[in-house]
Amino acid sequence: MTIQSEKVDLGARSCISSRVDMEGVNGKSVGHLFENISSFVRQCIFSVLNVGPVPSHIAFIMDGNRRYSKKQNLLDGDGHRAGFSALINMLKYCYELGVKYTTVYAFSIDNFKRRPGEVASLMKLMQEKIDELTQEESIVNRLGIRIYFQGNLKLLSDCVRSAAERAMVKTSGNSRAVLSICVAYTSTDEIVHAVQESCEEIWDDIRKREVNNAEGNFVGLKENGKDENEHRVGLTDVDRHLYMSVCPDPDIIIRTSGATRLSNFLLWQSAHCLLYSPTALWPEIGLRHLIRVILDFQRNFLYLKAKKKQS
Amino acid sequence: MDLGNEVQKILSWTSVCGNLALHLIWLIVHLIINVWYSALGIARVVENTLISSGLLKSYNAINISKVRYLAVVIDSEEARQTSKVLELLRWLASIGVLKKSQTAIIEGLNKSQKATASKIKSQEAIVEGSNHGTLVEHVDLEFVSFADSKPAVAKAANLLFAKHYASTILEKPNFTESDISEALQAVGYGGPEPDLLLVYGPVRCHLGFPAWRIRYTEIVHIGPLKSMKFGSLIKAIHKFTKVHQNYG
């Protein structure tokens, strides 16, 4: 893609995004002006950033909503609402920058250990926001973002799971970008699931061959004197059955609140991924943090690319 | 037609100039960032020297018992500096706990380095002229590589397949995390989960450390091995001892 066409595409993404902003500002002219100026400044900044390599996949661990709520003396749950606004902003910035895949760690399996009242409140907020996201006029549909919910969705309540499934179906026609929302997810659970699915697939293959092979008795399965059951599950089989196989491995993982651990998030996929831990709480994350990490990524791009090739 | 051609020429020229201007701005921005990181690097060297010399009192008393399992990831290119690797291992040996031994899990060493490291493991080291250690204990060393990560999970999967699917199954098995952990142990790739993982390389990135073992591990970037300082090791451990995890 030439620089010229990249700029046009960047400009087009920015225009679509700023139209979405303007329509959300309820006709106030000062608000319009501010949004226009912000959008223009962002477009200029992203034009400069696009001179260098831009990550294709950024993942976020949205840490710090409750601490934000306490810090700002908000009611319980308002921290998570503020976090949702921060998520929409980040999604918009990633889209305008040209990052095709965005992943967020919305709810871990470990989070079910919280107080039942808090879990219920989070589930209710999640359902409300999922329904909001899938409305025709939502940012997701305006920007052409396809949504996936990744995780052990059987652990969710029926209404949340149905809302998630509806969202995936409603956005299945979108193709400009992909948003993966990890819910009821841990990396270790994802690996267990992938191993199970891999074993099931191979077992189904064996049974089909048994049925097709008139002789049966595993005669057709022995090769080179070895039992073909040895080493049947390969690395690529496990890779294929991961929840996150719909996306490439992340280039950057951002965890807010300054914590330096991954908390069981994308452990399999993050071998050559730049890890960034700004001290800001999730609702406080802004454009400056994204710019900072993109510049870091560009500084270290050749190193990370070489490491990926080696593995 | 002439007017149209002229307009096109002007637009094309403007576009080329615009692109050049963007490239120039990008280069200037990255130059400024490199200068900033160089300045940060100098500040870190000063801080690490102060820590090593014991002048920063807050780093003199560290609750090292909080770090039961310490992991170190060394970039493969950096790991060629054998003398630096061995110096790092001696530092790790020197910060042992008086009453308990620690386990250090190292990723990134080649065969001869592992052999030399194993010799260090069996020696006692006395840290002289430092406030951070006196007579120290043995340190257990475990070496891991990329084979301990994804390929190990594939081997564990094969073991589970052989155990649960090889014969006629009456009921569909339902694997759990314990099954995977036990299978990893059985195929020789089990091991403790490190509390703290130190990354020696240009970038903060765990470089494929066994995924199953870093669920809640604090991953701290120290910097390139060639410019490592004892003070940065102490600072990373000190910061770790202040961390609180919710696990939920």
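In this text, all values refer to a predicted model and were calculated from it rather than measured experimentally.

(A) Representation of the domain arrangement of chain B. Residue and element names in this part refer to chain B. Split by domain assignment, chain B resolves into domain 1 (1-61) and domain 2 (63-242). In this assembly, 11 residues from domain 1 lie in contact with 10 residues from domain 2. Interface area for domain 1 against domain 2, summed over the two sides, is near 930 Å², with a carbon-plus-sulfur share of 53%. When the buried area of domain 1 at its contact with domain 2 is split by residue, N48, S52 and Y59 rank highest and sum to 48% of it. Between the two partners, domain 1 and domain 2, sit 1 salt bridge. Connecting domain 1 to domain 2 are 3 residue pairs in polar contact (both at pLDDT 80 or more). Broken down by class, the residue content of the side of domain 1 that touches domain 2 amounts to 4 nonpolar, 6 polar and 1 charged.

(B) Structural context of the packing of helix α4 (residues 150-164) of chain B against helix α5 (residues 177-186) of chain B. All names here are of chain B. Closest axis-to-axis distance for the α4/α5 pair is 8 Å, and the angle between their directions is 105°. What the angle tells us is that α4 and α5 run roughly perpendicular. Judged by residue contacts, A152, V153, A156, L159 and L160 of α4 engage D179, I180, A183, L184 and A186 from α5.

(C) Structural context of the pattern of salt bridges. Residue and element names in this part refer to chain A. The final tally for this structure, using the stated rule, is 22 salt bridges over all chains. Across the pair R255 and D63 runs a salt bridge, and its minimum N-O distance is 3.0 Å. Here R255 is found in strand β5 (residues 252-255), whereas its partner D63 is found in the loop between β1 (57-61) and α3 (65-71), with 192 residues between them in sequence. A salt bridge links E201 to R240; its shortest N-O distance comes to 2.8 Å. Here E201, found in helix α8 (residues 187-212), pairs with R240, found in helix α9 (residues 235-240); they are 39 residues apart in sequence, far enough to count as distant. Residue classification places R240 among the partly exposed positions, given a relative accessible area of 46%. Taken together, the shared-partner salt bridges in this structure form one network comprising R81, E128, K129 and E132.

(D) Expanded view of the domain arrangement of chain A. Residue and element names in this part refer to chain A. By domain assignment, chain A separates into domain 1 (51-185 + 251-309) and domain 2 (187-212 + 233-242). Of note, the centres of domain 1 and domain 2, computed from C-alpha atoms alone, are 28 Å apart. Residue-level contacts link 9 residues of domain 1 with 9 residues of domain 2. Buried surface at the junction of domain 1 and domain 2, both sides included, amounts to about 730 Å², of which 54% is carbon and sulfur. Considering only the surface of domain 1 that becomes buried against domain 2, Y185, N264 and W268 emerge as the three largest contributors, covering 70% of it. At the junction of domain 1 with domain 2, the criterion picks out 0 salt bridges. Here domain 1 and domain 2 share 6 residue pairs in polar contact (both at pLDDT 80 or more) between them. Looking at the side of domain 1 that touches domain 2 residue by residue, the classes come out as 6 nonpolar, 3 polar and no charged.

Definitions and limits used
- Residues numbered from 1 in each chain as written.
- Chains lettered and ligands numbered in written order.
- Predicted model: local features only at pLDDT ≥ 70, side-chain atom pairs only at ≥ 80, totals over all residues.
- Heavy atoms only, no water.
- Domains from an automatic or database assignment.
- Contact = heavy atoms within 4.5 Å.
- Buried area = accessible area lost by both parts, 1.4 Å probe.
- Salt bridge = Lys/Arg side-chain N within 4 Å of Asp/Glu carboxyl O.
- Polar contact = N/O pair within 3.5 Å; in protein donor to acceptor, adjacent residues only side chain to side chain.
- Nonpolar A, V, L, I, M, F, W, Y, C, P; charged D, E, K, R; others polar.
- Axes fitted to C-alpha atoms, helices over the stretch in contact; angles between N-to-C directions.
- Helix = DSSP H or I, 4+ residues; strand = E, 2+ residues; numbered from the N terminus.
- Parallel < 35°, antiparallel > 145°, perpendicular 65-115°, else oblique.
- Buried < 20%, exposed > 50% of the residue type's maximum accessible area, 1.4 Å probe, protein only.

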